[in-house]
Amino acid sequence: MAAMIEPAKCRVALLAGGTSGEREISLASGVGAGAALREAGFLVTELDPARHADLAQLLEGSFDVAFLCLHGKGGEDGALQGFLETIGLPYTGPGVWSSATAMNKAQSKLFYQRAGIPTAPFQYLQKGEPYSVDEIAQVMGGTCVVKPATEGSALGIYIVEGVEAIAEAIEKVFEIDELVVVEKYISGTELTVAVLGNDQPFALPVIEIVPKAEFYDFDSKYAPGGSQHNCPAPLSEKLTEQVMQAAVNAHKALHCSGVSRSDFILDGEGIPWILETNTIPGMTATSLLPDAARAAGISFPELCTKLIEYAFEDAR
């Protein structure tokens, strides 16, 4: 049970912006969440961690909780969470370890495997260390997904076939990240499931994502009309329960608190393969978490209120 709060007495530091490649999306999330929080009655102040003066305001101790709308490095990877814990300010979403682990797509796969959640075979490459493209192509079957290990929002993701294309994609990804994940390409239906809660997490309705592009890339996520969201996803009751449970298991495997959203590929045999877990899901007009909450009968202001209640309940 989440802690009960009085919004009119709750001073919220809404953190959005930051310095990552997802800064503009973060600012858009902040606009969406800010409007919902004010509609719910909270006292909201927008702060941008890219500005030292805004970080200094957090140190003054005039806030009751931080609402995080930061995406990418420096905001979603545990760095800012550690700062907030150091100054004793509760914050929404998972903690330092969970954020850092989920942000690293190779590390999170190890915990998925330990929890028995199907995830595609992969190799982990580090810049400056030797690797064999021929070996990668042989192990992965020729068609691979090449992506940065510690970036989000489908930045720098390539689906490629053949040794030359794989080699080129790896070098491109090394331009934006020192760690690269190369995994076997699995064709199927793209699904995502948001999970809410701390000790007793529960899944929101499954969303089927139908991107206009080849896959759910950056433009599909954020451009108007870039993708279609079907919620609830047109799945059988059995498959729906299976995917929802996999998302809850991922939430638990990464020791998430408050909220997470895991992405899956459902293959032709009905196996949901987990791709990654997001610890600060988007809060824009086209974002998936608010969509799923609405399908569950939870309005945007109610969702934001729940996230703050979970933050106080967790009381790190």
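Because the structure is a prediction, the values reported are computed rather than measured. (Residues numbered from 1 in each chain as written. Predicted model: local features only at pLDDT ≥ 70, side-chain atom pairs only at ≥ 80, totals over all residues. Heavy atoms only, no water.)

A.B. asks: Can you walk me through the sheet that holds strand β1 (residues 11–15) in this structure?
C.D. replies: In sheet architecture, strand pairing relies on hydrogen bonds along the backbone and comes in two forms, parallel and antiparallel. Strand order across the open sheet formed by three strands is β2-β1-β3, with parallel pairing between neighbours. Looking at which strands have only one partner, the edges of the open sheet turn out to be β2 (43–47) and β3 (65–68). Here the average twist between neighbouring strands, direction ignored, is 30°. Pairing of β1 with β2 involves five bridges; the strand directions are parallel. Across the sheet, the residue bridging to valine 12 is valine 44, located in β2. Sitting on the sheet, helix α2 (residues 52–59) is in contact with β1 and β2, with an inclination near 140° to β2. Sheet contacts for helix α11 (residues 300–314): β1 and β3; angle to β3, the most-contacted strand, approximately 130°. (Pairing = 2+ DSSP bridges. Helix = DSSP H or I, 4+ residues; strand = E, 2+ residues; numbered from the N terminus. Axes fitted to C-alpha atoms, helices over the stretch in contact; angles between N-to-C directions. Contact = heavy atoms within 4.5 Å.)

A.B. asks: Which parts of the structure should I look at to understand the pattern of salt bridges?
C.D. replies: Should the charged atoms of two oppositely charged side chains come close, the side chains can pair. The tally for this structure, following the rule as stated, stands at twelve salt bridges. With its nearest N and O atoms 3.6 Å apart, the salt bridge here joins lysine 9 to glutamate 6. A single salt-bridge network, built from bridges that share partners, covers Arg23, Asp48, Arg51 and Asp54. (Salt bridge = Lys/Arg side-chain N within 4 Å of Asp/Glu carboxyl O.)

A.B. asks: Explain the packing of aromatic side chains to me, please; I cannot follow it from the model alone.
C.D. replies: Note on aromatic pairs: each is described by the distance of the centres and the angle between the planes. Under the counting rule described, the total for this entry stands at two aromatic pairs. Pairing tryptophan 97 with phenylalanine 111 gives two aromatic rings, centres 5.1 Å apart and planes at 90°, and the pair type is edge-to-face. With tryptophan 97 in helix α4 (residues 96–103) and phenylalanine 111 in helix α5 (residues 105–114), this pair connects stretches of sequence that are 14 residues apart. Given a relative accessible area of 42%, tryptophan 97 falls into the partly exposed group. Both rings, one in tyrosine 131 and one in phenylalanine 174, keep their centres 6.3 Å apart while their planes meet at 45°; by these two values the pair is tilted. Highlighted residues: tyrosine 131 in the loop between β4 (122–126) and α6 (133–140) and phenylalanine 174 in helix α7 (residues 163–174), separated in sequence by 43 residues. The class of tyrosine 131 is partly exposed, set by a relative accessible area of 28%. Overall, the relative accessible area of 6% leaves phenylalanine 174 in the buried class. (Phe/Tyr/Trp six-rings, centres within 6.5 Å; stacked < 30°, edge-to-face > 60°. Buried < 20%, exposed > 50% of the residue type's maximum accessible area, 1.4 Å probe, protein only.)

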